[in-house]
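# Residue-level structural notes
The residues making up each chain are set out below.
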Amino acid sequence: SNKVSDSTNQAQEIIEYIKVSKDDLDEALDKNAAVARETYINKYVEITGKLGTVDSELKYISLKSSTKEWDFHSIHCTIKNKEQKEIIKTLITDQEITIKGKITDVGEVLGYFLDITEISAN
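Read on for an overview of the structure. (Residues numbered from 1 in each chain as written. Predicted model: local features only at pLDDT ≥ 70, side-chain atom pairs only at ≥ 80, totals over all residues. Heavy atoms only, no water.)

### Some words on the nonpolar core
- Grouped together as the largest cluster of nonpolar side chains are 24 residues, with contacts concentrated most on Ile61, Ile99, Tyr112 and Leu114.
- Listing elements by their share of this core, those giving two or more residues are α2 (22-31), α3 (33-40), β2 (44-54), β3 (60-64), β4 (75-78), β5 (96-107) and β6 (111-121).
- What Leu114 contacts, discounting residues up to four positions off in sequence, is Val45, Ile47, Ile75, His76, Cys77, Thr78, Ile99, Gly101, Lys102, Ile103 and Thr104. (Core = buried A, V, L, I, M, F, W, Y, C linked by side-chain atoms within 4.5 Å. Buried < 20%, exposed > 50% of the residue type's maximum accessible area, 1.4 Å probe, protein only. Helix = DSSP H or I, 4+ residues; strand = E, 2+ residues; numbered from the N terminus. Contact = heavy atoms within 4.5 Å.)

Written out as structure tokens, the structure is:
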């Protein structure tokens with residue numbers, strides 16, 4: 001029975017999110033992609049930005065910078081459940097949003113990939 005209570009405790013573990021701007025992530029990638037990967041891979045982050053692409057099949061969205069008119073590194077955010085899909089259907093392109101999620105991959109060309117845990121309009 002010890003094992004059961006251990007796993008229950010782990011499930012309720014509070015996730016600490018690192019607050020980081022979209023521009024901070026881009027800057028880290030531009031300076032050194034290897035360091036950016038080491039710093040952010042498998043980390044939980046909270047990022048504010050603008051809604052970019054919405055995949056027509058609701059598999060992902062992209063997050064753009066709030067400050068830059070031309071943003072070449074959008075963050076690829078994978079949609080994980082129905083609740084997230086319902087929220088995303090209420091949003092419009094270029095709307096300010098906050099995404100919480102786990103960064104699953106970082107690449108010098110494709111940028112950051114994230115699995116959404118929470119999404120909200122600002």
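Now that the structure is up, let's keep going.
### Description of the packing of aromatic side chains
- Under the counting rule described, the total for this entry stands at 2 aromatic pairs.
- Measuring from ring centre to ring centre gives 5.8 Å for Tyr17 and Tyr44, while their planes differ by 85°; the resulting arrangement is edge-to-face. Separated by 27 residues along the polypeptide, Tyr17 in the loop between α1 (2-11) and β1 (18-19) and Tyr44 in strand β2 bring together distant segments of the chain.
- We classify Tyr17 as partly exposed; its relative accessible area is 21%.
- Given the relative accessible area of 26%, Tyr44 is considered partly exposed. (Phe/Tyr/Trp six-rings, centres within 6.5 Å; stacked < 30°, edge-to-face > 60°.)

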